[in-house]
Amino acid sequence: MEHRHLTHQDFTLAAIDDVISRGRWEDWANLRRAALDDRSILDKIDQVCQPYLGDPYAQRYHFWSHYVEAHRTVA
């Protein structure tokens, strides 16, 4: 899936938000691989998720926030 904010495969904050909110399984797998290759992407994911954590229905953002938390402790 081509994401509107994903230019030249850079994971900007807008691109990460787009992948989380509109992405499919393959898009999430690509974001995961990018985060494992470049740990600074974990910080970006966390930054994108923070505003949504007060909303119990924003489950995609809760998932990614927990993912970041789990992988920061591993690193």
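Note that this is a predicted model, so its numbers are computed, not measured.

Draft legend 1. Representation of the overall build of the protein chain. Helix and strand counts for the protein chain come out as four helices and zero strands. Along the protein chain, from the amino end to the carboxyl end, the secondary structure elements read α-α-α-α. Counting across all 75 residues of the protein chain, residues that qualify as buried make up 35%. Sequence-distant contacts in the protein chain: of pairs separated by 6 or more residues, those separated by 24 or more amount to 48%. Taken as a whole, the protein chain presents about 5,000 Å² of accessible surface, with 52% of it coming from carbon and sulfur.

Draft legend 2. Examining the nonpolar core more closely. Ranked by size, the top nonpolar core spans 18 residues in total, and within it I16, I20, L31, I41, I45 and W64 carry the most contacts. The biggest single contributor to this core is helix α3 (residues 40–49), with five residues.

Draft legend 3. Up close: the packing of helix α2 (residues 25–37) against α3. Look at α2 against α3: their axes get within 6 Å of each other, and the N-to-C directions meet at 130°. Taken together, α2 and α3 sit at an angle that is classed as oblique. Touching L31, A34 and A35 of α2 are I41, L42 and I45, all from α3. Broken down by class, the residue content of the contact of α2 with α3 amounts to six nonpolar, no polar and no charged.

Draft legend 4. Highlighting the environment of C49. Within the secondary structure layout, C49 lies in helix α3. Of the residues examined, C49 reaches a relative accessible area of 0% and is grouped as buried. Put simply, C49 and S65 are 16 residues apart on the chain and 6.1 Å apart in space, counted from C-alpha to C-alpha. Those residues within four positions of C49 in sequence are excluded, and the remaining contacts are I20, Y61, W64 and S65.

Draft legend 5. Spatial organisation of the side chain of D46. Take D46: it is sitting in helix α3. Excluding its chain neighbours within four sequence positions, the residues that come into contact with D46 are S65, V68 and R72.

Parameters and conventions
Every chain is numbered on its own, with residues counted from 1 as its sequence reads. Local features are withheld for residues below a pLDDT of 70 in this predicted model, meaning they are given only at 70 or higher, and side-chain atom pairs are given and counted only at 80 or more; totals for whole chains, interfaces and linings count all residues. Side-chain metrics in this entry use all non-hydrogen atoms of the structure; hydrogen atoms and water are not considered. A run of H or I in DSSP counts as a helix once it spans at least four residues, and a run of E counts as a strand once it spans at least two, with each numbered from the N terminus. For the exposure calls, accessible area comes from a 1.4 Å probe over protein chains only, and a residue counts as buried if that area is under 20% of its type's maximum, exposed if over 50%, partly exposed in between. In this analysis, two residues are considered to be in contact whenever any of their non-hydrogen atoms come within 4.5 Å of each other. A 1.4 Å probe and the Shrake-Rupley method give the accessible areas. Residues count as covered only by the protein chains that appear here. The nonpolar core is taken to be a set of buried Ala, Val, Leu, Ile, Met, Phe, Trp, Tyr and Cys residues, with the residues joined through side-chain atoms within 4.5 Å. Every axis in this analysis is a line fitted to C-alpha atoms, fitted for helices over the stretch in contact. Angles between the N-to-C directions lie between 0 and 180 degrees. Should an angle fall under 35 degrees it is called roughly parallel, over 145 degrees roughly antiparallel, and 65 to 115 degrees roughly perpendicular, with every other angle called oblique. Note that Gly is not counted as nonpolar here; it falls among the polar residues with everything else outside the nonpolar set of Ala, Val, Leu, Ile, Met, Phe, Trp, Tyr, Cys and Pro and the charged set of Asp, Glu, Lys and Arg.

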